[in-house]
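Breakdown of the fold
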Amino acid sequence: WQNRLLDQTIAFRLGDATSLPYAPLDWLGRQVQEDLLLLDGNDPECPLIAGQLCFASRWSLGEKMGLSMMLIHGPVPEYAERIGKPVDLLMARLKPNRPVWRINWSLHACPNLNLAPKHGAYQDAQKLLVTAQNAGERCYYRVERQGLLKLPRSNAILFTIHSYLASIGHLAADPVWAQRMAGILRTSPPSFIRYKGLPVYLSPLLAYLDSHSA
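Let us look at the packing of helix H8 (residues 175-187) against helix H10 (residues 202-211). Across the interface, H8 lies against H10 with an axial gap of 8 Å and an inter-helix angle of 150°. Here H10 runs roughly antiparallel to H8, going by the angle between their axes. Between H8 and H10 the crossing geometry is left-handed. Packed against H8, whose contacting residues are Trp177, Ala178, Met181, Ala182, Leu185 and Arg186, the element H10 presents Leu202, Leu205, Leu206, Leu209 and Asp210 at the interface. For the contact of H8 with H10, a count of residues per class yields nine nonpolar, no polar and two charged.

Here is the structure:
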């Protein structure tokens, strides 16, 4: 294995965990930028069975380990009613060497990539500091590129999450983007706004976006 970014070369024996300096999943998670999660592809409910998570977005491995896909996404508004069955069908149809991916987005009042629940008090405090004048520098748009890959030997499913951040000020430099984002937030259901953790600073954020809209 050669990691050119870190200038590291490591030789290991497939199937021999002792030939690596860390547990295999932990070691692999240190070699790539993505968070890595393993789901049991032999179970139709695809429970979470392992993971190497560094950049959680308001969740933790401990609270999700062993849960099915449906239960993992229990807090997501309308997941069971509208999204659950299509997701289950997608998982069942995954083929080795045929990865798929999707994009997920969220908004946060701090630039931290690690937003695990244990940092909740800090996140809540940061939301209170957002004003219509400083929302551009205090608020961040977060995108997760999520990949799914069926592993041929074990039939497990590798779920990868690569997180990207950009300040609202940087993105709102495009007036069309600012206008569209304001429109999305104004027309989103209240359950969605609550799930995204936005109620505390939604008003100043909208005021900032309006002031930069086309």
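The sheet built from five strands is open, its strands ordered S4-S3-S7-S6-S5 with antiparallel pairing. Each edge of the sheet is formed by a strand with only one pairing partner; in this case those strands are strand S4 (48-52) and strand S5 (100-108). The sheet shows a mean angle of 20° between the axes of neighbouring strands, taken without regard to direction. Where S5 and strand S6 (residues 140-150) come together, nine bridges link them in antiparallel fashion.

With that out of the way, let us pick up the pattern of salt bridges. One pass over the structure, following the stated rule, counts six salt bridges. With a closest N to O distance of 2.7 Å, arginine 13 and aspartate 16 form a salt bridge. Taking relative accessible area as the criterion, aspartate 16 reaches 23% and is therefore assigned partly exposed. Note that arginine 142 and glutamate 144 form a salt bridge whose closest N and O atoms lie 3.6 Å from each other.

Definitions and limits used
Residues numbered from 1 in each chain as written. Predicted model: local features only at pLDDT ≥ 70, side-chain atom pairs only at ≥ 80, totals over all residues. Heavy atoms only, no water. Axes fitted to C-alpha atoms, helices over the stretch in contact; angles between N-to-C directions. Helix = DSSP H or I, 4+ residues; strand = E, 2+ residues; numbered from the N terminus. Parallel < 35°, antiparallel > 145°, perpendicular 65-115°, else oblique. Left-handed = near helix turned anticlockwise from the far one by under 90°. Contact = heavy atoms within 4.5 Å. Nonpolar A, V, L, I, M, F, W, Y, C, P; charged D, E, K, R; others polar. Pairing = 2+ DSSP bridges. Salt bridge = Lys/Arg side-chain N within 4 Å of Asp/Glu carboxyl O. Buried < 20%, exposed > 50% of the residue type's maximum accessible area, 1.4 Å probe, protein only.

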